[in-house]
Amino acid sequence: MDNQQIEDLTRDLTARMKSMQHAEQNLDAPALLEHFSEEPDFCLYSDGQRIDFVTLAEGITATYDEVKSITGSIGRMEVRILSPQHGLVSAEFREVVVTAEDRESSSTGVATWLWQRNGTTWKIVYGQIGHEDENQMTLSASLE
């Protein structure tokens, strides 16, 4: 790959990360889930808990039913293009979740996503999220 291809792919993955954040902040579960592969080998580790796509979808839907708002930001982000079809994105995050009962929780941490391109569409095939704060509402907490 030449430098221009790497720059273009980096721009594509950065845009997908922003799209994912936008869907989350709009509490748009279908739009958020479109970022993730529905393939059987998809998995996400959230604070050490392994989650498949079905569990992820159920958790996001259940969480969004209980949430009034999600705000936050992606901090330092590193994009590594591994091939024309694969990229690795690690990013710091900070978010504040407000429940329907106006309970507020905040969390910070780091997420790493392995993206795979099929045609022109990038989807996450593997992820790992680590939350650093105790005062948080996470997907894994909502599944228990």
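Preceding block: the structure.
(A) Just the environment of Ser73, in detail. Inspection of the secondary structure assignment puts Ser73 in strand β3 (residues 67-83). Taking the C-alpha atoms as reference points, Ser73 and Ala91, 18 residues apart in sequence, are found 10.0 Å from one another. Leave out the neighbours within four places in its chain, and Ser73 touches Gln21, Gln25, Glu92, Phe93 and Arg94.

(B) Geometry of the nonpolar core. Counting residues in each nonpolar core, the largest one holds 30 residues, and the members touching the most others are Phe36, Leu56, Trp113 and Trp115. Leave out the neighbours within four places in its chain, and Trp113 touches Met17, Met20, Phe36, Leu44, Gly87, Leu88, Val89, Ile124, Tyr126, Gly127 and Ile129.

(C) The packing of aromatic side chains, seen in detail. Applying the stated rule across the entire model yields four aromatic pairs. Summarising the aromatic geometry, the rings of Phe36 and Trp113 are spaced 5.6 Å apart at their centres and angled 75° between planes, so their arrangement reads as edge-to-face. Linking Phe36 in the loop between α2 (29-33) and β1 (43-46) with Trp113 in strand β5 (residues 104-118), this pair joins segments that are 77 residues apart in sequence. There is no split in this pair, since Phe36 and Trp113 are both buried. Ring centres 6.2 Å apart and planes at 55° place the aromatic pair Tyr45 and Tyr126 in the tilted group. Remark: Tyr126 occurs in strand β6 (residues 121-131) and Tyr45 occurs in strand β1; sequence separation between them is 81 residues. We classify Tyr126 as partly exposed; its relative accessible area is 30%.

What counts, and at which threshold
Residues numbered from 1 in each chain as written. Predicted model: local features only at pLDDT ≥ 70, side-chain atom pairs only at ≥ 80, totals over all residues. Heavy atoms only, no water. Helix = DSSP H or I, 4+ residues; strand = E, 2+ residues; numbered from the N terminus. Contact = heavy atoms within 4.5 Å. Core = buried A, V, L, I, M, F, W, Y, C linked by side-chain atoms within 4.5 Å. Buried < 20%, exposed > 50% of the residue type's maximum accessible area, 1.4 Å probe, protein only. Phe/Tyr/Trp six-rings, centres within 6.5 Å; stacked < 30°, edge-to-face > 60°.

Coordinates in, geometry out; function isn't part of it.
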